[in-house]
2 protein chains.
Amino acid sequence: MKKIINDPSQVVAEMVDGLVRSYPDIVELIPETEAVVRADSDTMEGKVGLISGGGSGHEPAHAGFVGKGMLSAAVCGQVFTSPTPDQIYEAIKAADHGKGVFMVVKNYSGDVMNFDMAKDLAEMDDIRVKSIVVDDDIAVENSLYTQGRRGVAGTILMHKILGAAADQGASLDEIAALAQAVLPHIKTIGVALNAATVPEVGKPGFELKEDEIEYGVGIHSEPGYRTEKIKPSNELCQELLGKLDSELHLSEDKSYAVLVNGMGATPLMEQYIFSHDLLNQLEEKGIKPDFMRVGNYMTSIDMAGLSLTILELADEAWLDYLRYPVKTIAWNN
Amino acid sequence: MKKIINDPSQVVAEMVDGLVRSYPDIVELIPETEAVVRADSDTMEGKVGLISGGGSGHEPAHAGFVGKGMLSAAVCGQVFTSPTPDQIYEAIKAADHGKGVFMVVKNYSGDVMNFDMAKDLAEMDDIRVKSIVVDDDIAVENSLYTQGRRGVAGTILMHKILGAAADQGASLDEIAALAQAVLPHIKTIGVALNAATVPEVGKPGFELKEDEIEYGVGIHSEPGYRTEKIKPSNELCQELLGKLDSELHLSEDKSYAVLVNGMGATPLMEQYIFSHDLLNQLEEKGIKPDFMRVGNYMTSIDMAGLSLTILELADEAWLDYLRYPVKTIAWNN
């Protein structure tokens, strides 16, 4: 393992410290936690708080999406490990400004359980809390750590939409309804060229041969659905887009947002070539996305590969929310 | 070589196509070139055009920095290969709105020669052109493709400062004077954990053992100044910061901007851990940067490693320029 780290047991503490001190105008540490909160929390009076989090190793998710117009706070668990309920509870308290807190949780058993426990703690303090569990990954039905489908890169689009609504003054119930409306329309699938190496483990989560890829790998090196020899980008795209099409029934009469997401070690060069193939294949279906982002949004440490997320914009207000200006480290307007 | 590409000879054409079609509100292709120009060029009347470019493989540089408040156009050469004079000439014409064009060139012999030839072509059309050659890399004095020092990640800070000045209406002569004033205050040095693989070559530019790193490697896998066993992040930081200190004579009485730049395959986790060490070591010197960015700005395809750039803010106006809002793909406000 060759990594720019110090003590493997300190990676999360040092990473979060580096992040908040590099961007003190955007985020600050919640004292005695590894959770971050907006530096401009004083402007949040009368607004619903929006929080997310999970295991670390997915940077810039989720701390990079904390800021005006997006998340109020994010909890950084140990690498690929759910944050503890007490840390989540601190984030809820920091995000609450009298109107309640909404939690965006990725569908992993540990996350779901711990966010739920934190919600119970907060409700004992009379803080209203609601949540959504994002399960956008269509690759497999159940997985290591998961009942049902996994939550992956589509979660970032959920942050963006709900964050805009919260900033515009939506109530907790309105945000909960919006989240439920958006959820079935976000679908994601990925492909891996190699696995991530967790610093405390010191070797990759699985091995692929020099000419092999795996479709449907999760963001914690969970198994996918097929291993095969690497193919040209346009054939990889055909496979991923085909899977999404069979879920979303893509149509030229509908409007879409697209996220091409790098897994951490995949150069933008490859992400843009894949996007070129994707836009060609969508064009053949008569589809031109109304909104698109390409880059590293939900990574898996140093995994090479990418995921493709398509969100059907069933309500045109969602496009306005996606375009709504934010002030965060990692979401670029 | 395991990459998400199609034909290795088409990577630049397909990448640029993917980029402009993913962000049509920000950039567009200059017809019959692999150069991109601002999609809002019609708002540039009366302003100096600012262009940059070079070999591809450094994404998001430079096309990702085209947009209001930063570059007017960028020329994308073949991978690690200078763009041709005719492509640069097209970019100059696209960026000119009657007030002349300023070119930001990284110090590589091919780039310097070809940008100069393009300038001559443009001047025959009565377009005034001036330029700066950025040579911020302090690692080595001469190198594989370079007379003098190489131009690397500090070039992005030059784009940012000049782009803000141009957007505020500075004249060509004022921009040239500003570039000359900033240049000696930008210094960069990097460390590599492995080399980049150029798609048409198919293997890494050099080999490092599983426990080795190389200090001072350039952004095209040019040799650095020392190979040794990997060390903890805080010791790597000490080495890089020490080298920069001996050039910049860091002082608590001065103001600084810092860029921690990932080389393409290095996770943000490692970049933030390095930033944590850096901020601690600067604090020991009584220094707290006034401006900081951490992320992949000037990459070397799939190289692992990072570079550290420090800019001494000798004039406080430079800080305002760095903070000036922009609308680009890759620079986040």
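Note that the structure is predicted; figures quoted are calculated from it, not measured. Going along each chain's sequence as written, the residues are numbered from 1 onward. Chain A is the first chain written and ligand 1 is the first ligand written, with later ones labelled in order. Per-residue local features of the predicted model are confined to residues with pLDDT of at least 70, and side-chain atom pairs are confined, for both listing and counting, to 80 or more; whole-chain, interface and lining totals are unaffected and use all residues. Remark: hydrogens and water are excluded; side-chain values derive from all non-hydrogen atoms of the structure.

Caption draft 1: Structural view of the overall build of chain A. The number of helices and strands found in chain A is eight helices and twelve strands. Both definitions apply: the radius of gyration is a C-alpha atom measure, and the globule rule equals 2.2 Å times residues to the power 0.38. For 333 residues, the compact-globule estimate of 2.2 N^0.38 gives 20 Å, and the C-alpha radius of gyration of chain A, at 19 Å, lies within 12% of that figure. For the exposure calls, accessible area comes from a 1.4 Å probe over protein chains only, and a residue counts as buried if that area is under 20% of its type's maximum, exposed if over 50%, partly exposed in between. When each of the 333 residues of chain A is scored for burial, the buried share is 65%. Between two residues, a contact is recorded if the distance between any of their heavy atoms is within 4.5 Å. Once local pairs closer than 6 in sequence are excluded, the contacts in chain A between residues at least 24 apart make up 73%. Put simply, chain A shows about 11300 Å² of open surface, and 48% of that area lies on carbon and sulfur atoms. For the purpose of counting charges, residues Lys and Arg are taken to be positive, whereas Asp and Glu are taken to be negative. His and the chain ends are not included. A charged residue contributes its charge at one atom only: NZ of Lys, CZ of Arg, CG of Asp or CD of Glu. Separation of charge centres in chain A, based on 28 positive and 51 negative side chains, amounts to 2 Å. Helix and strand definitions follow DSSP, with helices as H or I runs of at least four residues and strands as E runs of at least two, each counted in order from the N terminus. Per-residue accessibility takes into account occlusion by the displayed protein chains alone, with areas from the Shrake-Rupley method and a 1.4 Å probe.

Caption draft 2: Region of interest: the domain arrangement of chain A. All names here are of chain A. Segment limits for the domains were obtained from an automatic or database-derived domain assignment. Entries for chain A in the domain assignment read domain 1 (8-184) and domain 2 (185-318). For domain 1 versus domain 2, the distance between C-alpha centres works out to 23 Å. Counting from both sides, the interface comprises 38 residues of domain 1 and, opposite them, 33 residues of domain 2. Carbon and sulfur atoms supply 69% of the area that domain 1 and domain 2 bury against each other, a total of about 3000 Å² over both sides. Looking only at domain 1, the three residues that lose the most surface to domain 2 are Phe80, Ile138 and Leu157, adding up to 20% of its buried area. Here a salt bridge means any side-chain nitrogen of Lys or Arg lying within 4 Å of a carboxyl oxygen belonging to Asp or Glu. At the surface where domain 1 touches domain 2, the tally comes to one salt bridge. A salt bridge links Glu247 to Arg149, with the shortest nitrogen-to-oxygen separation between them at 2.7 Å. Counted as a polar contact is a pair of N or O atoms within 3.5 Å, where, for protein atoms, one must be capable of donating a hydrogen and the other of accepting one, and residues adjacent in sequence contribute only when both atoms are in side chains. Our count for the contact surface shared by domain 1 and domain 2 stands at 13 residue pairs in polar contact (both at pLDDT 80 or more). Looking at the side of domain 1 that touches domain 2, the elements with two or more residues in it are helix H4 (154-167) and helix H5 (172-182). For any pair of parts, buried area is found by adding up, for both, the accessible area (1.4 Å probe) each one loses once the two are put together.

Caption draft 3: Layout of the relation of the copies chain A and chain B. Copy-to-copy alignment: least squares on C-alpha atoms, limited to residues at pLDDT 70 or above in both. Least-squares fitting of chain A to chain B yields an RMSD of 0.0 Å, with the transformation described by 0.0 Å of translation along the axis and a rotation of 180°. Seen this way, the second copy is the image of the first under a two-fold rotation axis. Looking at the rotation axis and the C-alpha trace of chain A, the residue lying nearest is Ala265 of chain A, at 1.9 Å. A shared binding surface is used by both copies, with 100% of the interface residues of chain A retained as interface residues in chain B.

Caption draft 4: Focus on the sheet that holds strand E12 (residues 305-312) of chain A. Residue and element names in this part refer to chain A. Following DSSP output, two strands are said to pair if at least two bridges run between them. Reading across from one edge, E9-E8-E7-E12-E10-E11 is the order of the six strands in this open sheet, with mixed pairing throughout. Each edge of the open sheet carries a strand with a single partner, namely strand E9 (226-229) and strand E11 (291-295). Along the sheet, successive strands turn relative to each other by an average axial angle of 15°, direction set aside. Where strand E7 (residues 186-192) meets E12, seven bridges bridge the pair, whose relative direction is antiparallel. Residue Val191 lies in a different strand from E12, and its bridge partner there is Leu306. Between N-to-C directions, angles cover 0 to 180 degrees, with each direction set by a line fitted to C-alpha atoms, over the stretch in contact for helices.

Caption draft 5: Spotlight on the interface of chain A and chain B. Facing the 62 residues of chain A at the interface are 62 residues of chain B. Between chain A and chain B the total buried area reaches about 5100 Å² when both faces are included, carbon and sulfur atoms providing 58% of it. On the chain A side of the contact with chain B, Lys2, Ile4 and Met269 of chain A bury the most area, a combined 19% of that side's loss. Here chain A is connected to chain B by three salt bridges. Note that Glu283 of chain B is salt-bridged to Arg21 of chain A, the shortest N-O span being 3.8 Å. Only helix H1 (11-22), strand E8 (212-215), helix H6 (233-248), helix H7 (268-284), E11 and E12 of chain A provide two or more residues apiece to the side of chain A that touches chain B. If one sorts the elements of the side of chain A that touches chain B by residue count, H7 of chain A sits on top with twelve residues. Throughout this entry, Asp, Glu, Lys and Arg are counted as charged residues, while Ala, Val, Leu, Ile, Met, Phe, Trp, Tyr, Cys and Pro are counted as nonpolar. The remaining residues, Gly among them, count as polar. Here the residues of the side of chain A that touches chain B sort into 31 nonpolar, 15 polar and 16 charged.

Caption draft 6: Quick peek at the packing of aromatic side chains. Residues and elements named next belong to chain A. Geometry of aromatic contacts follows a simple scheme: Phe, Tyr and Trp rings, the Trp one being its six-membered ring, pair when their centres are within 6.5 Å, and the pair is stacked under 30 degrees between planes, edge-to-face over 60, tilted otherwise. A full pass over the atoms with the stated rule returns eight aromatic pairs over all chains. Plain terms: the ring middles of Phe65 and Tyr297 are 6.1 Å apart, the flat faces sit at 5° to each other, and that makes the pair stacked. Highlighted residues: Phe65 in the loop between strand E3 (49-56) and strand E4 (73-79) and Tyr297 in the loop between E11 and E12, separated in sequence by 232 residues. Among the residues examined, Phe65 registers a relative accessible area of 0% and is labelled buried. The interplanar angle of 5° and the centroid separation of 6.1 Å between the aromatic rings of Phe291 and Trp331 together place this pair among those described as stacked.

Caption draft 7: Inspection of the sheet that holds strand E10 (residues 256-262) of chain B at higher detail. Residues and elements named next belong to chain B. Spatially, the six strands line up as an open sheet ordered E9-E8-E7-E12-E10-E11, and their pairing is mixed. At either end of the open sheet lies a strand with only one pairing partner, and these are strand E9 (226-229) and strand E11 (291-295). The average angle at which neighbouring strand axes cross in this sheet is 15°, direction not considered. With seven bridges joining them, E10 and strand E12 (residues 305-312) adopt antiparallel strand pairing. Bridging from a neighbouring strand, Tyr256 pairs with Glu312 of E12. Running at roughly 150° to E11, helix H7 (residues 268-284) makes contact with E10, E11 and E12 of the sheet.

Caption draft 8: Main features of H7 of chain A. Residues and elements named next belong to chain A. Multiplying one less than the number of residues by 1.5 Å gives the expected span of a helix. Here H7 spans 24 Å end to end across 17 residues, near enough to the 24 Å set by a 1.5 Å rise per residue. Most of H7 is tucked away, with 14 of its 17 residues classed as buried. Of the residues flanking the end of H7, it is Gly286, one or two places downstream, whose phi is positive at about 80°.

Caption draft 9: Quick look at the packing of helix H2 (residues 85-95) of chain B against helix H3 (residues 109-124) of chain B. Residues and elements named next belong to chain B. Orientation of H2 relative to H3, taken along the N-to-C sense of each, is 55°, at an axis distance of 8 Å. Our classification of the angle between H2 and H3 gives oblique. Of the two elements, H2 crosses H3, and the hand of that crossing is right-handed. Contact with H2, carried on its side by Pro85, Ile88, Tyr89 and Ile92, involves Asn114, Phe115, Met117, Ala118, Lys119, Leu121 and Ala122 of H3 and no other residues of that element. Across the contact of H2 with H3, the residue classes tally to nine nonpolar, one polar and one charged. Oblique is the label for any angle not covered by the other classes, which are roughly parallel (under 35 degrees), roughly antiparallel (over 145) and roughly perpendicular (65 to 115). Each helix crossing is assigned a hand: it is left-handed if the near helix lies turned anticlockwise from the far helix by less than a right angle, otherwise right-handed if that turn is clockwise.

Caption draft 10: Examining the packing of H6 of chain A against H7 of chain A more closely. All names here are of chain A. One way to put it is that H6 packs onto H7 with a least axis distance of 9 Å and a crossing angle of 55°. The angle between H6 and H7 places the two elements in the oblique class. In the crossing of H6 with H7, the sense of the turn from one axis to the other is right-handed. Residue-level contacts link Ser233, Asn234, Leu236, Cys237, Gln238, Leu240 and Leu241 of H6 to Ile273, Phe274, Asp277, Leu278, Gln281 and Leu282 of H7. When the residues that make up the contact of H6 with H7 are grouped by side-chain class, the tally is eight nonpolar, four polar and one charged.

Caption draft 11: Spatial organisation of the confidence of the model for chain A. Scored from 0 to 100, pLDDT records how confident the predictor is in each individual residue. Here chain A shows a mean pLDDT of 97. Residues at 70 or above account for 100%. For this predicted complex, the interface score ipTM comes out at 0.98, alongside a pTM of 0.98.

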